[in-house]
Protein chains: 2
Amino acid sequence: MRRSPATLTASTAPTHAAGPVGGTLPAARTRPLPAGAVRLSATGHLGAWQERNAAATIPHCLDALETSGALDNLRRVLDPADPEHHDGPYRGFNFADSDVHKTLEAVAWESARAGEPRHEDAVRRVVDLLRRAQAPSGYLGSHVLGSRDPSDAAPSGRPYGDLRWGHELYVLGHLVQAGVARARATGEDDLLDLAMGWADDVVARLADGEELVCGHPEVETALVELYRETGDPAYLDAARRMVDLRGHRRLGAGPFEPVYHQDATPVLEAEEVAGHAVRQLYLLAGVTDLYLESGERALLDTAVRLWDDAHGRRTYVTGGMGSRHKDESFGDPYELPPDRAYAESCAGVASVLWDWRMLLATGESRYADSLEHALHNVVAAASSTDGTAFFYSNPLQVRDGHDGADEYQASGRRAWFACACCPPNLARLVASLHTMVATLDADGALAVHLFADADLAVPGSAVRLKLRTGYPWDGDVLLTADAPSPVPLALRLPGWADAARTRLEVDGEPVDVASALDRRGYLRVAAGARRVRLVLPLEPRVLRAHPRVDAVRGCVALARGPVVHCVEQVDHPGVVLDDVELDLAAGVTVGPADDALGVGATLRAVGRARPAAGRALYSDVPDDVPEISPDVVHVAVRAVPYAVWGNRAEGPMRVWIPVSAPPRPGDRRRSGR
Amino acid sequence: MRRSPATLTASTAPTHAAGPVGGTLPAARTRPLPAGAVRLSATGHLGAWQERNAAATIPHCLDALETSGALDNLRRVLDPADPEHHDGPYRGFNFADSDVHKTLEAVAWESARAGEPRHEDAVRRVVDLLRRAQAPSGYLGSHVLGSRDPSDAAPSGRPYGDLRWGHELYVLGHLVQAGVARARATGEDDLLDLAMGWADDVVARLADGEELVCGHPEVETALVELYRETGDPAYLDAARRMVDLRGHRRLGAGPFEPVYHQDATPVLEAEEVAGHAVRQLYLLAGVTDLYLESGERALLDTAVRLWDDAHGRRTYVTGGMGSRHKDESFGDPYELPPDRAYAESCAGVASVLWDWRMLLATGESRYADSLEHALHNVVAAASSTDGTAFFYSNPLQVRDGHDGADEYQASGRRAWFACACCPPNLARLVASLHTMVATLDADGALAVHLFADADLAVPGSAVRLKLRTGYPWDGDVLLTADAPSPVPLALRLPGWADAARTRLEVDGEPVDVASALDRRGYLRVAAGARRVRLVLPLEPRVLRAHPRVDAVRGCVALARGPVVHCVEQVDHPGVVLDDVELDLAAGVTVGPADDALGVGATLRAVGRARPAAGRALYSDVPDDVPEISPDVVHVAVRAVPYAVWGNRAEGPMRVWIPVSAPPRPGDRRRSGR
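None of these values were measured; they are calculated from a predicted model.

**Student:** How should I be thinking about the pairing of strand E9 (residues 489–492) of chain B in this particular structure?
**Tutor:** Within a regular strand, the side chains alternate between the two sheet faces. All names here are of chain B. The alternating pattern of E9 places Leu489 and Leu491 on one face and Ala490 and Arg492 on the opposite face, and all of these are buried. Here 3 bridges tie strand E5 (residues 446–448) to E9, and the two strands are oriented parallel to one another. Looking across to E9, one finds that Leu446 is bridged to Leu489. Here E9 pairs with strand E12 (residues 522–525) via 4 bridges, running antiparallel. When the sheet's bridge partners are listed, Arg492 is paired in E12 with Tyr522.

As structure tokens, then:
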């Protein structure tokens, strides 16, 4: 196996951070904290999620690598004399190796979080299997290596024969990320070495003029991480080259058009997000990674332009992205149907990964807002409350009579999928959540982005901070230091929080919020503080969509803080949920916690239901039935966080609820608890 | 080639009708008129459509059979020594032969309409080509016959090796229909003989116990037609057997679930339409055909049950069916998004074919209503006004910024498609429209279903009727006889027509409409009448959808008679159509004809537009902008028949228009012209 010279320096390369997006990040406005600087406590919402991920989701994924055949696919490649050789057919999609790599990455971040290697025996066995499966060239895609007859999709033994659909560089990307994560987390270079063996071959091919660009972006962000880990600029250059190669229709068109692969328009010229949502989001994460290293303005401009398009015109109120089942794609502007929302779980993960990089690049709170929003809604909803069942797509509405047999529009979460990209993707994200709690600004301030029970070390000092809050159920956030903070502090003021109703106290003294607010959206507290208290307004909010979101006209969504709610049939016996309308004039109030669902608050409202099952599909307006009729029933509406829907029973659900009369300006809809 | 004994009697078999659905139809409540009994005049709307079909669409389809490669696919099968042998690769989908057969069927019905063979040289050349391509067994699918290497989708030379996706019996079905049409129209049995050669092989295989059921239903209805044409009950039994075989998951699951092929539930046990819409509709046409022959109640019960489901919960206001691009399928109940409406043109055609059979089975006006409605809206819209460009899918909304690059969601009509099922399907339907104008009821009355300029012969008499009307632009319908009608007459009262505002005169005397209305929805006129005048109320109608059609909440659709309208960007300069709301209080009036579009009336209304492009995607209700603001502009709204949208310019369009305040009961929305 060829080795890059950089391998020799891998363990001594600058590793600033202990999570994804390492290195010194020359162009960053704010940077991740060093290894071990943040620990989430299981007493808080995010910390408990990480614990569940460690205790349930990661072991579940490890088991599934066996049962799904993902490891057997690698064993097929082994020498027939190898006792572990497997003789069955290849199973799953041609990128099933990535399930293995993402699970290894999740284990690595979990090891970093735990401060000690986790599942180390299992990991070593898999790494050993990968080593034996790897071709002398470094190539390590089991679908191609194990191809045995011409009817296989991949031409036998010919790597990169199908760049459009082969997913080979996508698989390499995940292998690289797993290798980097394991090296950062445990200091073990074994997996990183394997990944570099393959990556070096790709780098060499690019240098020889091969136009390697993958139908599924992912390797771009991974190669930048590999650069950060090794210091070898060849990886950075390769990622940059791949971005330049894309968008010129080199991939051709197969079952999908070039736009599906973001190959219809040069990357830096795109005006809109388009095509397959996960591909688009991974690509933009890579573009932002490249900016963080180079400071090249065109990269950031593109990222900001497309972020604005995605978030201004094509994002569900749950943070979900990718409106269409067809091609798993972004749709037209404002095409956001709640029932047919695809909103793939992986797109939620990818959106968070991109937001994180945008936050590092700019230090602006809106990216942290978006990250937190996606996390608490679409990403959280993708897993069951026990952490072992998952949604592939995340609709905002399920109708009475829904046919949920298809796993991509399932009525309930499933343990695994034919295309199992989502579960290990969720696992690797959640295992690294703690790295996103706070960063160090370029001007030296410690910026707090996520409110959670966490312990933090101020970089370059012995001072320890304690962050304590019942958030997102409670708006009271307390940050205490065991000595006067040697650095300024910056606390995010979420975009949904009305500054006039937010309170800030520093060492017991009230501080004017408007004055403390900087232009990046953070409340600044000068160095020397020991106790900062932020009280965020968590009154229920009633949301409406832009008028061009036709699919939810006449409806509202209920939210509280970052948590979007939904109504479920199981909470509304005696009526069909589809018939329920909300009476906004009656107000929305905070309801009790639900321990079984693991939520600290619910919402209550008043509605009515008029059974509509027998009505004509279309009718003349004057012939409409009276709006008040004897069969209208009063409904006590209970809304639960969207994150926990579908954990009790299958059945109708909706985020956007029709209102019995449309809200008019001047109406006061908000209600205190 | 094996020949069925029935072939010998083909030309002497009972051929009651000159169009689709021939034979004596023992269980029918009303029956098609004999050959030559109806002729549409080009002075009327439907007759002009048939003329355009003959002059433009059919020649266009014939040309496309060459340019698309459909004929070359058959030439590939010829002996290499045959001068016409073609050596190139197979082109198109594996059912491209059916484009040939549907075009031949269209030419046949057009020949029947014209009273003389049309394009006879071209047809004979194709029939000759088919004869040479046919295998000794009778099999005549060029995709399988031309399969040359193992990488081809079809196992080389092995018919019925892929019942799920092979489309072989689907292709047979269209060949049979073409053969039957040609025999009925011209008396030529050449094509029928070829078709029977293949059909006999299938019948024999079924008799041998082979469980032949096709992933794409179509052959069922075709085999019943073949029975009607030949009198051989083996074809009827084969069709019945195929219905029984379906629904037991024999087809397995491939890229699609069993429900896609209507193979998840036994056909006669289904409670809902489901899966691929065209497949479902063709299957139900076949089920209804079987009822028409056997009178077996379970068949009709199933057809009625599923018709009610389809039309009560899953049909667009344009008559379009099949809500989802994904799998081209019916969706959940009330899942009817206007923007993502798939509403495939072929589903519109299939819906008309099924309605026609339901009408024959029951004599009930609601089936004729539906047939007419689909015809004037989704089916008409599928073709350009010049008859040479087509929509594959028929959305009810196109947004500003729509990406219409994909041919299945095109911004404009296209000359042909990779999957070219729709254009020749439209051609064969339009060429046979005249056969649906009137039927003879079991009780002897002549029932008029479609209002058009037409000349009719009363069966069994020398009396001729003239039907004259400017319908659908004008509600005045005049039926005159050259002698007292020897039979009672029955005129359809459309479901949208208020009986209280409809006028009926018989021989100059007003008749009470309510008294004349029979329980099947027809106005009965006793034998002996010479002049019947029906005046239908054509005031604009404002339609709203069932409240569970979430996608169009707060919107209305404008209709007049059977014609649904839409608004187009091209008629609304200075505003973005997406921002327009309708002010219903200002009324809707009839606007002038548009000769360029070929429509006799348009609609006018008043609206307003508030530019919304810069607004936040989601906002708190209290923070909403005022409803009346300085940037609101008054808009003179012009609505044109949906049938002619997209003929002037590409751009935004919508059928469902938001209203500035929701209609309330008691509001008087209708406006006279």
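Read on, since the account is not over.
**Student:** Before we go on, may I ask you to explain the packing of aromatic side chains in this structure?
**Tutor:** The geometry of an aromatic ring pair comes down to the distance between the two centres and the angle between the two planes. All names here are of chain A. Throughout the structure, instances matching the rule amount to 28 aromatic pairs over all chains. Measuring from ring centre to ring centre gives 5.4 Å for Phe93 and Phe95, while their planes differ by 20 degrees; the resulting arrangement is stacked. Relative to Trp645, the ring of Tyr642 lies with its centre 6.4 Å away and its plane at 25 degrees, an arrangement referred to as stacked. Residue class for Trp645 comes out buried when judged on its relative accessible area of 1%. What links up through ring pairs into an aromatic cluster is the set Tyr342, Tyr392, Tyr408 and Phe417.

**Student:** Explain helix H10 (residues 277–294) of chain A here, please?
**Tutor:** Each turn of an α-helix holds 3.6 residues, which means side chains three or four residues apart point in the same direction. Helix length check: H10 of chain A (18 residues) gives 26 Å between terminal C-alpha atoms against 26 Å at 1.5 Å per residue, within 8%. Counting buried positions over the 18 residues of H10 of chain A gives 17, a clear majority of the element.

**Student:** Could you clarify how one ought to interpret the interface of chain B and chain A in this entry?
**Tutor:** Size of an interface: often given as the accessible area lost when the parts come together. Each partner contributes to the interface: chain B provides 68 residues, whereas chain A provides 68 residues. Both sides together, the interface formed by chain B and chain A hides about 5,900 Å², and carbon and sulfur atoms give 50% of it. Among the residues chain B hides against chain A, the three largest losses belong to Arg548, Leu617 and Tyr618 of chain B. Together they make up 14% of the total. For the interface between chain B and chain A, the tally reads 14 salt bridges. A salt bridge links Asp550 of chain B to Arg399 of chain A; the shortest N-O distance between them is 3.0 Å.

**Student:** Explain the relation of the copies chain B and chain A to me, please; I cannot follow it from the model alone.
**Tutor:** There are two copies of the chain, and a rotation about an axis plus a shift along that axis relates them. Rotating chain B by 180 degrees about the axis while translating it 0.1 Å along that axis superimposes it on chain A, leaving an RMSD of 0.0 Å. Those values place the two copies in the arrangement expected of a two-fold rotation axis. No C-alpha of chain B lies nearer the rotation axis than that of Ala551 of chain B, which sits 2.2 Å from it. When the interface residues of chain B are mapped onto chain A, 100% of them are again interface residues, pointing to one common binding face.

**Student:** Before we go on, may I ask you to explain helix H6 (residues 168–186) of chain A in this structure?
**Tutor:** All names here are of chain A. For H6, spanning 19 residues, the distance from its first C-alpha to its last is 27 Å, which sits close to the expected 27 Å at 1.5 Å a residue. Across the 19 residues of H6, 17 count as buried, placing the element largely inside the fold. Of the residues trailing H6, Gly187 is marked for its positive phi of about 80 degrees.

**Student:** For this particular structure, what's the right way to read the packing of helix H11 (residues 297–313) of chain A against helix H13 (residues 365–381) of chain A?
**Tutor:** When two helices pack together, you describe them by how their axes are tilted relative to each other and by the distance separating the axes. Residues and elements named next belong to chain A. Across the interface, H11 lies against H13 with an axial gap of 13 Å and an inter-helix angle of 45 degrees. The angle between the axes of H11 and H13 places the two elements in the oblique class. H13 is crossed by H11, and the crossing has left-handed handedness. Where H11 approaches H13, its residues Val304, Trp307, Asp308 and His311 are matched on the opposing element by Arg366, Tyr367 and Ser370.

**Student:** When you look at the sheet that holds strand E4 (residues 438–441) of chain B in this model, what are you seeing that I'm missing?
**Tutor:** Within a sheet, each strand pairs with its neighbour through backbone hydrogen bonds, oriented either parallel or antiparallel. Residues and elements named next belong to chain B. The mixed open sheet is built from 5 strands, whose spatial order is E1-E4-E5-E9-E12. Looking at strand neighbours, the two that pair on one side only are strand E1 (30–32) and E12, the edges of this open sheet. Sheet twist, expressed as the average angle between the axes of neighbouring strands with direction ignored, equals 30 degrees. Helix H12 (residues 345–362) contacts E1, E4 and E12 of the sheet and is inclined by roughly 130 degrees relative to E1. Contacting E9 and E12, helix H13 (residues 365–381) crosses the sheet at an angle of about 50 degrees to E9.

**Student:** Help me out: how do you make sense of the pairing of strand E4 (residues 438–441) of chain A in this one?
**Tutor:** Residues and elements named next belong to chain A. In this sheet, E4 lies alongside strand E1 (residues 30–32) in antiparallel orientation, the contact comprising 3 bridges. By the bridge assignment for E4, Arg31 is matched with Leu440. Across 3 bridges, the pairing between E4 and strand E5 (residues 446–448) is antiparallel. Considered in E5, the bridge of Leu440 is made with Leu446. Between E4 and E5, which pair antiparallel and follow one another directly, the connecting turn spans 4 residues, one of which, Gly444, has a positive phi of 95 degrees.

**Student:** Hey, could you run me through the side chain of Arg228 of chain B in this one?
**Tutor:** Residues and elements named next belong to chain B. Considering the arrangement of structural elements, one finds Arg228 in helix H8 (residues 219–230). Of the residues examined, Arg228 reaches a relative accessible area of 2% and is grouped as buried. Within the local environment of Arg228, its side chain forms a polar contact with the side chain of Asp289, the two groups lying 2.7 Å apart.

**Student:** Mind showing me how you'd approach the sheet that holds strand E2 (residues 38–40) of chain B here?
**Tutor:** Residue and element names in this part refer to chain B. The strand order across the open sheet formed by 7 strands is E2-E6-E7-E8-E13-E10-E11, and the pairing between neighbours is antiparallel. Two strands close off the open sheet at either side, each with one partner strand: E2 and strand E11 (509–511). Averaged over all adjacent pairs, the angle separating strand axes in this sheet is 20 degrees, with direction ignored. The pairing of strand E7 (residues 464–469) with strand E8 (residues 476–481) spans 5 bridges and is antiparallel. Bridging across to E8, Leu465 finds its partner in Ala481.

**Student:** Hey, could you run me through the side chain of Arg553 of chain B in this one?
**Tutor:** With respect to the secondary-structure elements, Arg553 of chain B resides in the loop between strand E14 (541–545) and strand E15 (555–560). From its side chain, Arg553 of chain B meets the backbone oxygen of Pro547 of chain B in a polar contact 3.0 Å long. A distance of 3.0 Å separates a polar atom in the side chain of Arg553 of chain B from a polar atom in the side chain of Asp550 of chain B. Beyond its immediate chain neighbours, meaning those up to four positions away, Arg553 of chain B contacts Arg553, Gly554, Cys555, Arg654 and Pro658 of chain A together with Pro547 of chain B.

**Student:** It is not clear to me how the pattern of salt bridges should be interpreted in this structure. Could you clarify?
**Tutor:** All names here are of chain A. Throughout the structure, instances matching the rule amount to 130 salt bridges over all chains. One salt bridge connects Asp309 with Arg314, and the closest N-O pair in it is separated by 3.1 Å. Three or more residues are tied together by salt bridges with common partners; here these are Glu66, Asp72, Arg75, Asp82, Glu84, Asp128, Arg131 and Arg132.

**Student:** So what exactly am I meant to see when it comes to unusual backbone geometry here?
**Tutor:** Glycine aside, negative phi is the norm for most residues, and most peptide bonds take the trans geometry. The amide bond that connects Tyr471 of chain A to the next residue, Pro472 of chain A, takes the cis arrangement and shows omega of 5 degrees. You can see Pro472 of chain A is positioned in the loop between strand E7 (464–469) and strand E8 (476–481). Residues other than glycine seldom take positive phi values, yet Gln262 of chain B does so here, at roughly 55 degrees. Take Gln262 of chain B: it is sitting in the loop between helix H9 (233–245) and helix H10 (277–294). Positioned with a positive phi, Ala343 of chain B is a non-glycine residue whose angle comes to about 45 degrees. Within the fold, Ala343 of chain B resides in the loop between helix H11 (297–313) and H12.

Scoring rules and cut-offs
Residues numbered from 1 in each chain as written. Chains lettered and ligands numbered in written order. Predicted model: local features only at pLDDT ≥ 70, side-chain atom pairs only at ≥ 80, totals over all residues. Heavy atoms only, no water. Buried < 20%, exposed > 50% of the residue type's maximum accessible area, 1.4 Å probe, protein only. Helix = DSSP H or I, 4+ residues; strand = E, 2+ residues; numbered from the N terminus. Pairing = 2+ DSSP bridges. Phe/Tyr/Trp six-rings, centres within 6.5 Å; stacked < 30°, edge-to-face > 60°. Expected span 1.5 Å × (residues − 1). Contact = heavy atoms within 4.5 Å. Buried area = accessible area lost by both parts, 1.4 Å probe. Salt bridge = Lys/Arg side-chain N within 4 Å of Asp/Glu carboxyl O. Least-squares fit on C-alpha atoms with pLDDT ≥ 70 in both. Axes fitted to C-alpha atoms, helices over the stretch in contact; angles between N-to-C directions. Parallel < 35°, antiparallel > 145°, perpendicular 65-115°, else oblique. Left-handed = near helix turned anticlockwise from the far one by under 90°. Polar contact = N/O pair within 3.5 Å; in protein donor to acceptor, adjacent residues only side chain to side chain.

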